[in-house]
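If you want the building blocks of each chain, they are given just below.
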Amino acid sequence: MSICSGGSAIDGVDMDYVARAEVVLVFPCKPSPMVRGAGDVHITREVSGLRPPTDSERHRMEAWQIKRRCAMAALREAGLNVMPFYSRSGDKVFVKAAADEQLLSQVAETSKHKLELKPQYLSGFAEYKSDYVGRRELNYSDRRMCSHLYKVHSEHEDGVHTDEEKDPENAWLRSRPPVPPSVFRTSDRIRLIDHIVRSVDHDCAGIDIGQLERDGELLDYFPLHENRKLAALDKDWFNAFAWGTHVNKVRNYFGERVAMYFLFVSHLIHWLVPPAVLGIIFLMLDLLFSNGSSDNIFVLPLCAGACAWSATFAHFWRRTAAFHALRWGTLHAVKVAEPVRPEFWGDIGVNPVTCRVEMHYPWRERIWKVLFSNAVISVCLVALLCSIAVLLALRHAFALAGGGRLPFQIINAVLVDIMNGIFSRIAKRLTDLENHRAQSEYTYHLIAKTVVFKFVNCYASLFYIAFFKEHSELFKMPMRCANDDCLSDLASQLAVFLIVRLAMQNFVELALPYLLVWYRNVVDGHSLHSHSFLKAAAAVDFDLSKAEKECEREEHNLCEDMDEMLILFGYSSMFLVACPWVPLLALISSLVQCFLDQKKLVLLFRRPFPTLAANNEPWDTAFDIMGGLAVVTNSALTVFATKTFDGWSTRQRVFLFIALEHLAVVLRLVVAAIWPSMPPVVREMKQRQDSIAHRHLELGGEDERADIDILAGPLGSDSVHRRSLSAQLGSSPHVASATLVHSALNMTCSWSVITAHRF
């Protein structure tokens, strides 16, 4: 077995140019860098200072070597290009695996991998099929020519090299051999290589990644970044990640799941712009008519706008997600069987579905751990409420003593962020204890724990100030709002929450990585020659190979980012009546959060494996529920917490509260009836895409004349135009199809698709 000694290049050839997508498997080869191993035979003991392994260490190293050789042999037999090399410390073996175009085509056809068709075929998605010349004895009647149907992707499609190649100093980029276009995007390549590595299908490696990781025989498994494409994404970060106009670049590189998250962030940013502008107007009116307090005559229209915005936000997001899921081919994607989590353990048994020997963990054992988790969460919630009550009492006592409320408001905001971090670790430990088999099950249970706790932690003090503080007692102390205006008291606490959250977010995600790198360089005796926090956060030792550098990075966790966005959405929607300016702060915070998430994804995290996604569930449901709670909260604030309706009786106030809620519900139903979450044009376009793909892939495009009769109707009764289409059909079916679909699509579909995208 030939193993190179470090680095990602062989004989001066940059492997990033040879293979456009690679995955890396990291195997252990020595229990410690100070142990002499197989890769140290050329180093004398006096020079290296390595000690010989003990008998137990030798046995472990031999077992690791056998497993490693078997895995590498399976990868080579599957047709992958394998390049192993030792790490700089010599205790790990990195194995790069890449696939050529021919192997990807074969695997895509056998695995029924779906690829995008050309625009003249409505940009639908269909299973990949290679060309087949047919059999001579059948006079080639079974010929199948499909390669011309699929859209071809190139490096310049996402702006890679466009500016670099124009630079006179980068003449070597123009002189290098051009990378040929391909029907496979970079995310398609990684999916197919991962399928070759994991699948037990014929001509695949069939490596059980999870079992190897559980046994400690595989340390890591991840795809490598492609630096030029990553640099192009980083340069176009605002359009690609924040504003969403170039979100397809994110999808092509990171996959649909990550792209759906940033598409949601861009949707939130777009939706925050109108309330941010209107909030500034309402703030000016408050300053003119009520000295900055929201308790005035404008509270009712403000409540109506807040309820309408909150009730329809998640609905229109689902429409946007449906439109992009259609464009990305994930609208009705079939769910594939998830691999077993490496952390999952249980008894060995036979899977009744796959008939394979797998581990099984009975539900009767898990239920007790789930009950234990619920008990721990209940205790944490009780302790949290008690600590919040004590903090509010101390704040009131400190304010009565003339100390002011601001210090305790800042302390409260800091404690909220600290408690969120602590409970995130507790929830993760509890979910690990429950031992879920699939990653989706694990994610759902983790989300359920964190959302409940963080909702109470982030909003309990705000709800208390809004509804319970005025004319109440806490630990036998009479409580009153600041200046007898609970809305102003609530607004000041919410402002402190958002500002402290933004400051701590910048420190934890920017300054803290910089300080850690600075400390590591001081310990290692290196100096840090960078004035950029982001560059310093991504700095690693230059002696390491590319694979080693990325192996030291953390794994990307999309749940944490969605969790942060859910909390921010709650802050920006649930108390709009008291704080009409909060959408402006939320807009700034969203932009900062998007910028930090993008930088972390590009510079600090490993490249995630691309996964298909048609939405952000279960987070979409969480945002929908949060929107409903915002309707209830804003209605209750308007009716019960303001002085506008002081002359009304309790019954009248309750009726008004119910009326406001029901109006929001009716608005949601009307909006859903006019603009359904699954737009009819999207459903119709999906059916057309499937029909055209079926005709050209299964029927060889024989129904072209039927296409003219069906689709060319809206073009009018111009017989000359119809004869022109028929003549083109007779001479060249593919040209006719392109002209037909192009004309019909422009006349019947373009406006509908644009409307669907806008709504």
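Counting restarts for each chain: residues are numbered from 1 in the order of the written sequence. This being a predicted model, a pLDDT of at least 70 is required before a residue's local features are given, and a value of 80 or more before pairs of side-chain atoms are given or counted; all residues contribute to the totals for chains, interfaces and linings. Only hydrogens and water are removed before side-chain values are computed, so all heavy atoms of the structure are retained for them.

1. Brief notes about the pattern of salt bridges
Here is step 1: The salt bridge criterion pairs a side-chain nitrogen of Lys or Arg with a carboxyl oxygen of Asp or Glu, the two atoms within 4 Å. Across all of its chains, the model carries 33 salt bridges by this definition.
Here is step 2: Between R191 and D188 there is a salt bridge whose closest N-O contact spans 3.6 Å. Linking R191 with D188, this pair stays in helix α6 (residues 186–198), spanning three residues, or about one helical turn.
Here is step 3: What makes R191 buried here is its relative accessible area of 15%.
Here is step 4: A salt bridge links D220 to R606; the shortest N-O distance between them is 3.1 Å. In this pair, D220 sits in strand β8 (residues 220–223) while R606 sits in the loop between α20 (582–604) and α21 (619–641), placing the two residues 386 residues apart along the sequence.
Here is step 5: Judged by its relative accessible area of 17%, D220 is buried.
Here is step 6: Burial classification: accessible surface area is computed with a 1.4 Å probe over protein chains only, and a residue below 20% of its type maximum counts as buried, one above 50% as exposed, and the rest as partly exposed. Given a relative accessible area of 7%, R606 falls into the buried group.
Here is step 7: A cluster of three or more residues bridged by salt bridges with shared partners is formed by R185, D188, R191, R251 and E256. Strands are runs of DSSP state E lasting at least 2 residues, helices are runs of H or I lasting at least 4, and numbering of each runs from the N terminus.

2. Some remarks on the nonpolar core
Here is step 1: Of all hydrophobic cores here, the largest spans 137 residues; its most connected members are L80 and Y571.
Here is step 2: Sort the elements by how many residues they give to this core and helix α12 (residues 299–328) lands first, with 13 residues.
Here is step 3: In contact with L80, not counting residues within four places along its chain, are L75, A97, A98, A99, L103, I193, I196 and V197.
Here is step 4: For this analysis, a nonpolar core means a set of buried residues of the types Ala, Val, Leu, Ile, Met, Phe, Trp, Tyr and Cys, connected via side-chain atoms within 4.5 Å. Counting 17 residues, the second largest nonpolar core, distinct from the first, contains V376, L392, A427 and F453. Residue contacts are defined here by distance: any two heavy atoms, one from each residue, within 4.5 Å place the two residues in contact.

3. Considering the packing of aromatic side chains
Here is step 1: Two rings belonging to Phe, Tyr or Trp (six-membered ring only in the last case) form a pair when the distance between their centres is within 6.5 Å. Interplanar angles under 30 degrees mark stacking, angles over 60 mark edge-to-face geometry, and anything in between is tilted. All chains considered together, the criterion is met by 31 aromatic pairs.
Here is step 2: With a centroid separation of 5.8 Å and an interplanar angle of 90°, the aromatic rings of W237 and F238 are classed as edge-to-face.
Here is step 3: Using a relative accessible area of 36% as the deciding quantity, one classes F238 as partly exposed.
Here is step 4: Ring geometry for F264 and F623: centres 4.5 Å apart, planes at 55°, overall tilted. Taken as a pair, F264 in helix α11 (residues 256–290) and F623 in helix α21 lie far apart in primary sequence, 359 residues in all.
Here is step 5: Taken together, the aromatic side chains of F264, W271, W309, F313, F316, W317, F569, F623 and W675 make up a single cluster linked through ring pairs.

4. What about the environment of M419?
Here is step 1: One can find M419 in helix α14 (residues 406–434).
Here is step 2: Here M419 falls in the partly exposed class, since its relative accessible area comes to 28%.
Here is step 3: As a C-alpha pair, M419 and K454 span 35 residues in sequence and 8.5 Å in three-dimensional space.
Here is step 4: Setting aside its immediate chain neighbours within four residues, M419 contacts L384, F453 and N457.

5. Section: helix α3 (residues 55–77)
Here is step 1: To estimate how far a helix should extend, the number of its residues minus one is multiplied by 1.5 Å. Between its first and last C-alpha, α3 extends 33 Å over 23 residues, near the 33 Å set by a 1.5 Å rise per residue.
Here is step 2: Those residues of α3 that sit buried are E57, M61, W64, R68, A71, M72, A74 and L75.
Here is step 3: Looking at the buried residues of α3, the elements they touch are β3 (23–28), β4 (81–86), β5 (92–98) and α6.
Here is step 4: Where α3 ends, the next residue or the one after it, G79, has phi of about 95°, a positive value.

6. Digging into α6
Here is step 1: Given a rise of 1.5 Å per residue, 13 residues ought to cover 18 Å, and the 18 Å separating the end C-alpha atoms of α6 matches this to within 8%.
Here is step 2: Of all 13 residues in α6, 11 are buried, a share of seventy percent or more.
Here is step 3: Those residues of α6 that sit buried are T186, S187, D188, R189, I190, R191, L192, I193, D194, I196 and V197.

7. Things to note about a nonpolar patch on the surface
Here is step 1: Note on patches: the residues involved have over 30% relative accessible area and no salt bridge, like charges join within 9 Å, and the nonpolar side chains Val, Leu, Ile, Met, Phe, Trp and Tyr join within 5 Å. Using a 1.4 Å probe, accessible areas were evaluated by the Shrake-Rupley method; residue-level cover was limited to the displayed protein chains. On the surface, F238, W243, V273, V277, L278 and I281 cluster together to form a nonpolar patch covering roughly 490 Å² of accessible area.
Here is step 2: For the nonpolar patch, the leading source of residues is α11, giving four residues.
Here is step 3: W243 gets classed as partly exposed once you look at its relative accessible area, which sits at 31%.

8. Remarks on unusual backbone geometry
Here is step 1: At the junction of E617 and P618, the peptide bond is cis and its omega measures out at 5° in the coordinates.
Here is step 2: Note on placement: P618 falls in the loop between α20 and α21.
Here is step 3: Located in the positive-phi region is L122, a residue other than glycine, with phi close to 65°.
Here is step 4: Judged by relative accessible area, L122 falls into the buried class, the value being 8%.

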